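# Structure assessment
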There are 2 protein chains.
Amino acid sequence: MTESVGFIGLGGMGLAMATNVLKAGFGLRIYNRTAEKARPLLERGAVLARSPSEAVVPGGIVVTMVSDDQAVEDVTLGANGLLGRLGNGVHLSMSTISPRTARRLADLHQEGGAHYVASPVFGKPEVAAEARLWVVTSGNATARARVRRLQEAMSQRVFDFGEDPGAANVIKLAGNFLLGAAIEAMAEAFTLVQKHGVARQEAYEFFTQTLFDCFVYRGYGALVASEHYQPVGASPSLIRKDYGLIIEAAAEGLVPMPLAGLIHERLTATVAKGRDDADWAGFAREVSESAGL
Amino acid sequence: MTESVGFIGLGGMGLAMATNVLKAGFGLRIYNRTAEKARPLLERGAVLARSPSEAVVPGGIVVTMVSDDQAVEDVTLGANGLLGRLGNGVHLSMSTISPRTARRLADLHQEGGAHYVASPVFGKPEVAAEARLWVVTSGNATARARVRRLQEAMSQRVFDFGEDPGAANVIKLAGNFLLGAAIEAMAEAFTLVQKHGVARQEAYEFFTQTLFDCFVYRGYGALVASEHYQPVGASPSLIRKDYGLIIEAAAEGLVPMPLAGLIHERLTATVAKGRDDADWAGFAREVSESAGL
């Protein structure tokens, strides 16, 4: 018997992830604010829902992958929100949102007998398309076990962070912070060598063959070295939203994070200058420009 | 015929490097300010020199591996300095010093018909002992070719950065900056997750298995996660000296480097608090302490 799951949010990430759910043999009830995004999935047999609520099979699983805290709250708690119809089902919440919102939503689900599983992801849309995401998850253990096969259909690996529904979101925010920190570091380092007559590309090649021979430095480093910030994996304004969440979580936990503050300001300047059509790593241009390049 | 080379500076790094030069079949004339450090090498056939000058075979190669710009200048230019006896030989300068000093020394060597090859290294003493260092080098091409076999005897790989004698030192400074940036980033990230109830170790394991699966994050990350900063690979005061050079090179090139400035202040606080008996990654404690931990 094919289990039918709901999927809400068909942006660049959501569409790729939902496609892999379908490929894995699940039935799919899909909802997106702009319905035409759903077309490729309808052609593969998905059913179109006219509201978040309609995407839900009572007692079943519904996935959300939307842009921010407000959007998750809207599709969950609104008049036609998913929670009203979820019964004792599970809400698999994959958006990058604040730990605080995750904890609050988990409480609201529990009150009605439903479960909330936090499950943000690491990876760009092309990684999502290949089902090579890294998923981090936390929440009620039974509910987590129930959604595991679904998570695996979208990812190369799932990492468990226990019962606290906020935990997975903290890890996701820490990860986006670490990515930005690596970009800032390379931006300063490559600009330093450039001003001393060494090509950015030469420095990039040396460091990614030695001390920093890993995914993030190779990938983002290539953008920072070439100063060509295309294609857009994620926009500056989207990641600036995440840095707002990082700073909010840091404030809540009383953790001074000066480097997070610096990167947030870099992203603010990038958005202010109208550079939202380049990848968010383009905030590295703030460093070059401050050095008169 | 065995070529005899001079080796000046037998600290933790120098002693390990000189031992590998001897093992590779070179003859060795060694000088160190405190002569008893030379004993293990004398037992293996090295000859003790009473001054930097005495370590030189005129027209030959002399290696220096000392603590800072001043120490390189002292052993090179002083009354008993190596340059007075070098003739048309090559000075292989492996210390971490400023690009400015490297360029100035190269000019002084050239005036007398000698050559200066910049050749700083990446790696801790135990890496040096295994001849697994990464060497970065720049300077006159003929002189570089002449010292190549010697560099290879101490390293796993040699990376060339062209004719400018300052270039290799800029790369070395950029590398030490990138290392510190990774430590600061992990310190902020791990403290954030800790304050939100996730163990530092859990975050460390996740990130080094996914986005940051590389040498630096695994190695320094283990220290920052455990908050146990032993053994001492390099002391806070030694690396604080390097950050002084980074900031000097940035000022010379007109490159604002706010992250380098932040790490320099972290190291200053670490030294001020009398924590020079722990590894320099211990500056991460400044982050935990600022968060009240």
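Presented here is a report on the structure given in the accompanying data block. (Residues numbered from 1 in each chain as written. Chains lettered and ligands numbered in written order. Predicted model: local features only at pLDDT ≥ 70, side-chain atom pairs only at ≥ 80, totals over all residues. Heavy atoms only, no water.)

Facing 60 residues of chain B, the contacting portion of chain A comprises 60 residues. Taking both sides of the interface into account, the surface hidden between chain B and chain A amounts to around 5000 Å²; carbon and sulfur atoms contribute 77%. Of all residues in chain B, B:L178, B:H196 and B:L211 give up the largest surface area on contact with chain A, accounting jointly for 15% of the area buried on that side. The interface formed by chain B and chain A contains zero salt bridges. Remark: the boundary between chain B and chain A carries 15 residue pairs in polar contact (both at pLDDT 80 or more). Classifying every residue of the side of chain B that touches chain A gives 42 nonpolar, seven polar and 11 charged. (Contact = heavy atoms within 4.5 Å. Buried area = accessible area lost by both parts, 1.4 Å probe. Salt bridge = Lys/Arg side-chain N within 4 Å of Asp/Glu carboxyl O. Polar contact = N/O pair within 3.5 Å; in protein donor to acceptor, adjacent residues only side chain to side chain. Nonpolar A, V, L, I, M, F, W, Y, C, P; charged D, E, K, R; others polar.)

A word on the side chain of B:S119. Residues and elements named next belong to chain B. Positionally, S119 belongs in the loop between β6 (115–118) and β7 (121–122). A relative accessible area of 0% places S119 in the buried class. Reaching out from S119, the side chain makes a polar contact with the side chain of Q151 at a distance of 3.0 Å. Contact partners of S119, with chain neighbours within four places excluded, come to L92, S93, M94, V135, V136, T137 and Q151. (Helix = DSSP H or I, 4+ residues; strand = E, 2+ residues; numbered from the N terminus. Buried < 20%, exposed > 50% of the residue type's maximum accessible area, 1.4 Å probe, protein only.)

The next thing to look at is the pairing of strand β4 (residues 61–64) of chain B. Residues and elements named next belong to chain B. Every second residue of β4 is oriented toward a common face, with I61 and V63 on one face and V62 and T64 on the other, all of them buried. Relative to β4, strand β1 (residues 4–8) runs parallel, the two being bridged by three bridges. Bridge pairing links G6 to V62 in β4. (Pairing = 2+ DSSP bridges.)

Now for the environment of A:Y31. Residues and elements named next belong to chain A. With respect to the helices and strands, the residue Y31 is situated in strand β2 (residues 27–31). Sequence-wise, Y31 and R148 are 117 residues apart; in three dimensions their C-alpha atoms are separated by 22 Å. Those residues in contact with Y31 that lie beyond four places of it in its chain are F7, I8, G9, L10, A49, R50, S51, P52 and A55.

Okay, the relation of the copies chain B and chain A next. Mapping chain B onto chain A is achieved by rotating through 180° and translating by 0.0 Å along the same axis, at an RMSD of 0.0 Å. The symmetry that links the two subunits is that of a two-fold axis. The position closest to the rotation axis in chain B is occupied by the C-alpha of B:C214, lying 2.7 Å away. Comparing interface residues between copies, 100% of those in chain B also lie at the interface in chain A; the contact surface is shared. (Least-squares fit on C-alpha atoms with pLDDT ≥ 70 in both.)

Now for the packing of helix α12 (residues 258–272) of chain A against helix α8 (residues 167–195) of chain B. For any two helices packed against each other, one specifies the inter-axial angle together with the distance between the axes. Packing of α12(A) against α8(B) brings their axes to within 9 Å, and their N-to-C directions diverge by 105°. By the criterion of interaxial angle, the relationship of α12(A) to α8(B) is roughly perpendicular. Residues A:P258, A:L259 and A:A260 of α12(A) touch α8(B), and the partners they reach there are B:E184, B:A185 and B:E188. Taken together, the residues that form the contact of α12(A) with α8(B) break down as four nonpolar, no polar and two charged. (Axes fitted to C-alpha atoms, helices over the stretch in contact; angles between N-to-C directions. Parallel < 35°, antiparallel > 145°, perpendicular 65-115°, else oblique.)

Another point: unusual backbone geometry. Leaving glycine out, the prevailing phi sign among residues is negative, and the prevailing peptide bond configuration is trans. Residues and elements named next belong to chain A. In the segment running from Q230 into P231, the intervening peptide bond is cis, with an omega of -5°. Topologically, P231 is positioned in the loop between α10 (215–226) and α11 (236–253). The backbone of L254 shows a phi angle near 55°, a positive value even though the residue is not glycine. Within the secondary structure, L254 is located in the loop between α11 and α12. Here L254 falls in the exposed class, since its relative accessible area comes to 62%.

Attention now goes to the packing of aromatic side chains. In the structure shown here, the tally under the stated rule is 23 aromatic pairs over all chains. Taking the centre distance of 4.7 Å and the plane angle of 75° together, the rings of A:F206 and B:F159 count as edge-to-face. Of this pair, A:F206 sits in helix α9 (residues 200–209) while B:F159 sits in strand β9 (residues 155–160), which puts the two residues in different chains. Judged by its relative accessible area of 2%, A:F206 falls in the buried class. (Phe/Tyr/Trp six-rings, centres within 6.5 Å; stacked < 30°, edge-to-face > 60°.)

Turning our attention to the pattern of salt bridges. As enumerated under the stated definition, the model contains 32 salt bridges over all chains in all. The network of salt bridges with shared partners includes A:R144, A:R148, A:D160 and A:E163.

Residues and elements named next belong to chain B. In contact at an axis separation of 11 Å, helix α3 (residues 69–77) and helix α5 (residues 99–111) are set at 10° when each is read in the N-to-C sense. Here α5 runs roughly parallel to α3, going by the angle between their axes. Of the residues in α5, those touching α3 at D69, V72, E73, T76 and L77 are T101, R104, L105, L108 and H109. When its residues are assigned to classes, the contact of α3 with α5 shows four nonpolar, three polar and three charged.

It is worth stressing that arrangement in space is one thing and function is another; only the former is reported here.
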